[in-house]
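Per-entry structural report
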Amino acid sequence: MTLKDFRAFFNNQLINLYPKKEVDAFFFRTIEALLQLKLMDFFTNENEIIKEKDLQTLKTIVSRLQKEEPIQYILGATEFYGYQFNVNSNVLIPRPETEELVSWVLEEVKNTEEELKVLDIGTGSGCIAITLKKELSYLEVNAIDISEKALETAKNNANFNQADVKFIQHDILSDKRLDCTFDIIVSNPPYVRELEKKEMKANVLNNEPHLALFVEDDNPLVFYERIADFGIKHLNKNGLLFFEINQYLGQETKQILMEKGYKNSILKKDLFGNDRMIKANL
Ligand SMILES: C[S@@+](CC[C@H](N)C(=O)[O-])C[C@H]1O[C@@H](n2cnc3c(N)ncnc32)[C@H](O)[C@@H]1O
């Protein structure tokens, strides 16, 4: 089969499941990952015959896309803030909203050339921690997660990106303390309520780790409360706390921080106009 014929096959198999634009994006991502062909290369090579072994792998990708598996898990990688991250079913696929959170942290600290100590809570793929270290090498970056498998992926990503980040397994809902303090705590904790499941796409619900996503309806801000308490014990003077938040619970999250004694809390919207981030200090 030629590359051109495979594109027709790819479209044909997926067009009833995804919008055309998305099918095109999947196609070009797939041939770039598997055949190292960029978009322009496709047009100059479209009459080339695909090797049998590659064709089998490409067809497997098509059938996984038909089952609505996220392309990032199928290809095993995604981009975040211009860096490549390996992803698998043990870690959340990093989202563009989280890139905005990282930008906000960087804006705040870029002019302080001090060796600030940072902690990323619930690091998953390590995208926040690793990006902060790559962008500002003078930061001392630590990251925790409850999931050993997520930490394994995060460590691989740190090696791949040559970022010196310290990873620790820790349950933030436990009362155990860490024996160090930090200048910045940043977290994108689980925040989706069970009741919001019905708004979610099947590809997220059926593939991404529920440990990373969901909280109980009757205690949706549990991570924010516990991380705020943790911050009281572990933040240095003038330390900053940054959160990604549930868009429907912006005011409630702000209120919790105020009640715990945090000051100057600022709620910020994401590119889609939803309340998505909070910054505060003690
Ligand atoms: C929403 S994901 C965020 C992942 C990554 N930081 C990102 O922004 O893409 C939340 C992360 O919190 C971790 N987590 C869940 N419960 C935890 C707990 N009790 N203590 C520490 N981490 C936890 C999950 O394993 C998951 O990696």
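Let us look at the structure shown here. Nothing here was measured: the structure is a model prediction, and the numbers come from that model.

Counting its regular elements, the protein contains 12 helices and 11 strands. Here the C-alpha atoms of the protein give a radius of gyration of 21 Å, agreeing with the 19 Å that 2.2 N^0.38 yields for 282 residues. A burial count over the protein gives 50% of its 282 residues as buried. For the protein, the share of sequence-separated contacts (at least 6 apart) that also reach a separation of at least 24 residues comes to 66%. Just so you have it, the protein exposes about 14,300 Å², and 47% of that area is on carbon and sulfur atoms.

Our focus in this paragraph is helix 4 (residues 52-66). Taking 1.5 Å per residue as the helical rise, helix 4 with its 15 residues ought to reach 21 Å, and the 21 Å between its terminal C-alpha atoms agrees with that figure. Within helix 4, burial applies to Asp54, Leu55, Leu58, Ile61, Val62 and Leu65. Around the axis of helix 4, the buried residues are gathered within 115 degrees of arc, so they sit on the same side. Away from the buried face of helix 4 by more than 90 degrees, exposed residues Glu52 and Lys53 are located. For helix 4, the secondary structure elements touched by its buried residues are helix 1 (3-14), helix 2 (20-35) and helix 5 (71-75).

With their axes 10 Å apart at the nearest point, helix 6 (residues 96-109) and helix 7 (residues 127-135) run at an angle of 40 degrees to one another. Considering their axes alone, helix 6 and helix 7 lie oblique with respect to each other. In the crossing of helix 6 with helix 7, the sense of the turn from one axis to the other is right-handed. Contacts from Thr98, Leu101, Val102, Val105 and Leu106 in helix 6 reach Ile128, Thr131, Leu132 and Glu135 in helix 7. When grouped by side-chain class, the residues that make up the contact of helix 6 with helix 7 number 6 nonpolar, 2 polar and 1 charged.

What follows is about the environment of Val23. Among the secondary structure elements, Val23 is positioned in helix 2. When the C-alpha atoms of Val23 and Ile74 are compared, they prove to be 14 Å apart, with 51 residues separating the residues in sequence. With near-sequence residues (within four places) excluded, Val23 lies in contact with Phe10, Asn11, Leu14, Ile15 and Tyr18.

So, about the site of the ligand. Close contacts around the ligand come from 21 residues, with Gly122, Asp145, Asp171, Ile172 and Asn188 the closest. One of the side-chain nitrogen or oxygen atoms of Asn188 is found 2.8 Å away from an oxygen atom of the ligand. Burial of the ligand by the protein chains amounts to 97% of its free accessible area of 600 Å². Put simply, the parts of the chain that give the shell around the ligand at least two residues each are helix 7 and helix 10 (210-213). Its residues placed into classes, the shell around the ligand shows 12 nonpolar, 7 polar and 2 charged.

Rules of the game
Residues numbered from 1 in each chain as written. Predicted model: local features only at pLDDT ≥ 70, side-chain atom pairs only at ≥ 80, totals over all residues. Heavy atoms only, no water. Helix = DSSP H or I, 4+ residues; strand = E, 2+ residues; numbered from the N terminus. Rg over C-alpha atoms; globule rule 2.2 N^0.38 Å. Buried < 20%, exposed > 50% of the residue type's maximum accessible area, 1.4 Å probe, protein only. Contact = heavy atoms within 4.5 Å. Areas by Shrake-Rupley, 256 points an atom, 1.4 Å probe, with all protein chains shown as cover. Expected span 1.5 Å × (residues − 1). Arc of directions from axis to C-beta. Axes fitted to C-alpha atoms, helices over the stretch in contact; angles between N-to-C directions. Parallel < 35°, antiparallel > 145°, perpendicular 65-115°, else oblique. Left-handed = near helix turned anticlockwise from the far one by under 90°. Nonpolar A, V, L, I, M, F, W, Y, C, P; charged D, E, K, R; others polar. Near = heavy atom within 4 Å. Polar contact = N/O pair within 3.5 Å; in protein donor to acceptor, adjacent residues only side chain to side chain.

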